[in-house]
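What follows is the residue order along each chain.
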Amino acid sequence: MAEKSVRSLILRARAYDSKEQIDDFQPDPDTSEVDFVESMLTGDHDPIRDEIRDWIDCLDEEGQVELVALYWIGRGDFEGREFRAAVTEARARRSSPTSGYLLGAPMLGDYLETGLDAVIEAGALDDA
């Protein structure tokens, strides 16, 4: 998986992580702040969420399990040097769509960045 691609996903994930889940927001038609408020909300049809989901779904199986491995490393389940072991575990435990799993995970952007940095520092990432 290419470092540049993962870093791009990290930026999108951070933008998504910063939003608040509110499904019943009703904009006030008399205010000019509607666009700002709506940009800070997320729900079933959030464009950033859709973009992240589509990006992850377009990855092949290997890319998806590597992404899960980076997330697990970032949250402390594995060390950077254990990247291949984390990938093997992610492949073995895969039971639902990867995009759904990762989009439901807390602090996705932060953990991906921490995991990516740890793997790079350990020299364990084959950057494509």
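Refer to the preceding data block for the structure.
Okay, so let's go over this structure.

Quick notes on the rules
Residues numbered from 1 in each chain as written. Predicted model: local features only at pLDDT ≥ 70, side-chain atom pairs only at ≥ 80, totals over all residues. Heavy atoms only, no water. Phe/Tyr/Trp six-rings, centres within 6.5 Å; stacked < 30°, edge-to-face > 60°. Helix = DSSP H or I, 4+ residues; strand = E, 2+ residues; numbered from the N terminus. Buried < 20%, exposed > 50% of the residue type's maximum accessible area, 1.4 Å probe, protein only. Salt bridge = Lys/Arg side-chain N within 4 Å of Asp/Glu carboxyl O.

## A look at the packing of aromatic side chains
Turning to step 1, where the next piece is worked out: Within the structure shown, the criterion is met by three aromatic pairs.
Turning to step 2, where the next piece is worked out: Ring geometry for Tyr 71 against Tyr 101: centres 6.4 Å apart, planes inclined by 85°, an arrangement best described as edge-to-face. Of this pair, Tyr 71 sits in helix H4 (residues 61-74) while Tyr 101 sits in helix H6 (residues 98-103), placing them 30 residues apart in sequence.
Turning to step 3, where the next piece is worked out: Judged by its relative accessible area of 1%, Tyr 71 falls in the buried class.
Turning to step 4, where the next piece is worked out: Taking relative accessible area as the criterion, Tyr 101 reaches 31% and is therefore assigned partly exposed.
Turning to step 5, where the next piece is worked out: Where Trp 72 meets Phe 78, the ring centres are 6.2 Å apart and the plane angle is 20°; that geometry is what we call stacked.
Turning to step 6, where the next piece is worked out: Overall, the relative accessible area of 19% leaves Phe 78 in the buried class.
Turning to step 7, where the next piece is worked out: A network of ring pairs unites the aromatic residues Tyr 71, Tyr 101 and Tyr 111 as a single cluster.

## A word on the pattern of salt bridges
Turning to step 1, where the next piece is worked out: Scanning all chains against the criterion turns up 14 salt bridges.
Turning to step 2, where the next piece is worked out: With its nearest N and O atoms 2.3 Å apart, the salt bridge here joins Glu 51 to Arg 12. Linking Glu 51 in helix H3 (residues 47-58) with Arg 12 in helix H1 (residues 3-17), this pair joins segments that are 39 residues apart in sequence.
Turning to step 3, where the next piece is worked out: Classification of Glu 51 by relative accessible area gives partly exposed; the value is 35%.
Turning to step 4, where the next piece is worked out: Of the charged contacts, one joins Arg 94 and Glu 61 as a salt bridge, the two residues approaching to 3.9 Å between their closest N and O atoms. Of this pair, Arg 94 sits in the loop between helix H5 (83-93) and H6 while Glu 61 sits in helix H4; the two residues are 33 residues apart in sequence, bridging distant segments of the chain.
Turning to step 5, where the next piece is worked out: You can call Arg 94 partly exposed: its relative accessible area is 33%.
Turning to step 6, where the next piece is worked out: The exposure class of Glu 61 is partly exposed, given its relative accessible area of 43%.
Turning to step 7, where the next piece is worked out: Here the salt bridges do not stand alone but share partners, grouping Glu 3, Arg 7, Arg 14, Asp 110, Glu 113 and Asp 117 into one network.

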